[in-house]
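# Fold and contact review
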Amino acid sequence: MTMAQRRKTITGAVVFFAVLLLAVELYPIFITLLNGFRRDIVILSGQKFSPGQLTTDSYMLVFKNRQMMKAMGNSIAVGLLSTTLSVGVGAMAAYGISRFKFRGRNALAYSFLVFRMLPQMSLVVALYMMFRAVGLRDTIFGITLAHSSFNVPYVIWMLIPFFTSVDKSYEEAAMVDGCSRFALFRLVFLPLVAPGLVVAAVFAFINSWNEFLYALILTGVKARTAPVAISSLIGGDTLTWGQMCAASTIMLTPVFVFTLAMQRFLIRGVSAGGVKG
């Protein structure tokens, strides 16, 4: 086998497995999207699909459900607030860890990583008791803090390579011109690590948008988010699979559109972080 044939074979194998993996990943999404346009009785009976089964009744019921729409709005609010807080705090922490030399710097950085690896179940009870004591349970601010608790370590470790890769000459030149540390961080470093900030923001938002356990335990009715509201459709004597699939599709749409819109920045940020880090 010649070198050209070997490369062609390897390329074909890579493409085949990539398409196979994509099909496996997209199949559940396709089934959810399809069942959102079918009646519950049709889904439960296991009938084969036919175009005549398509209907928008499940979507109409979801849009008329005020509690569901409120939960969707809560998810958007919590996701945006948690992302803003996590990226802001995480960027400052990553800047300090990567640009300042002090005793215990590595231990501090790894402590964030260890905290991120702790299972949520081991923390949610303590958070519940603390939030109930200070009046933050079932509030947007409370669930935002809870989501930020696992997003901040994630953001820090994503941004450290970006801050480390910035040439020291930029820092020295700004300091010579009389730039303060905060002005240096805001005017010099943030623009230079902007691709990394976008990547961190997207993943932080997705983490918050999909989070279920904290939202289930730490919220009630007022601050309930979309994943908890969708799970409540399963229960009692009725299985509303059509509405659940329709609500899941609605919940999927904003993240899908946002990720596609930021695709150019995501690719640039991931590749920059991988090469420079």
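Everything numeric in this text was worked out from a predicted model, so none of it was measured.

### What to know about the overall build of the chain
Across its full length, the chain carries 14 helices and two strands. When burial is assessed residue by residue, the chain has 37% of its 277 residues classed as buried. Of all intrachain contacts in the chain linking residues separated by at least 6 positions in sequence, the fraction that spans at least 24 positions is 75%. Working note: accessible area of the chain is about 16,200 Å², and carbon and sulfur atoms make up 70% of it. Both charge centroids of the chain, one from 24 positive and one from 10 negative side chains, sit 3 Å from each other.

### Quick word on the nonpolar core
Formed by 25 residues in total, the largest nonpolar core has its most connected members in L159, F163, L184 and F189. Elements that contribute at least two residues to this core include exactly α4 (66-99), α7 (140-165), α9 (181-192) and α10 (194-210). Among the elements that make up this core, the one with the highest residue count is α7 (seven residues). Once you skip the residues sitting within four places of it in the chain, F189 turns out to touch Y95, R99, F163, V166, E171 and L184. Ranked by size, the runner-up nonpolar core spans 17 residues in total, among them Y59, A226, A246 and I250.

### Focus: the pattern of salt bridges
Tallied over the entire structure, the rule returns three salt bridges. We note a salt bridge from D57 to R39, for which the minimum N-O separation is 2.9 Å. Remark: R39 occurs in the loop between α1 (3-35) and α2 (40-45) and D57 occurs in helix α3 (residues 57-64); sequence separation between them is 18 residues. On the basis of relative accessibility, which here comes to 45%, the residue R39 falls in the partly exposed class. Of the charged contacts in the structure, one is a salt bridge between E171 and R181, with a shortest N-O distance of 2.7 Å. Linking E171 in helix α8 (residues 168-176) with R181 in helix α9, this pair joins segments that are ten residues apart in sequence.

### Section: the side chain of S98
Tracing the chain through its elements places S98 in helix α4. Residue class for S98 comes out buried when judged on its relative accessible area of 14%. A polar side-chain atom of S98 sits 2.7 Å from the main-chain carbonyl oxygen of A94. Setting aside chain neighbours within four positions, we find S98 in contact with R105, I160, F163 and T164.

What counts, and at which threshold
- Residues numbered from 1 in each chain as written.
- Predicted model: local features only at pLDDT ≥ 70, side-chain atom pairs only at ≥ 80, totals over all residues.
- Heavy atoms only, no water.
- Helix = DSSP H or I, 4+ residues; strand = E, 2+ residues; numbered from the N terminus.
- Buried < 20%, exposed > 50% of the residue type's maximum accessible area, 1.4 Å probe, protein only.
- Contact = heavy atoms within 4.5 Å.
- Areas by Shrake-Rupley, 256 points an atom, 1.4 Å probe, with all protein chains shown as cover.
- Lys, Arg positive; Asp, Glu negative; His and termini not counted.
- Charge placed at Lys NZ, Arg CZ, Asp CG, Glu CD.
- Core = buried A, V, L, I, M, F, W, Y, C linked by side-chain atoms within 4.5 Å.
- Salt bridge = Lys/Arg side-chain N within 4 Å of Asp/Glu carboxyl O.
- Polar contact = N/O pair within 3.5 Å; in protein donor to acceptor, adjacent residues only side chain to side chain.

These results come straight from atomic positions and should not be treated as a statement about function.
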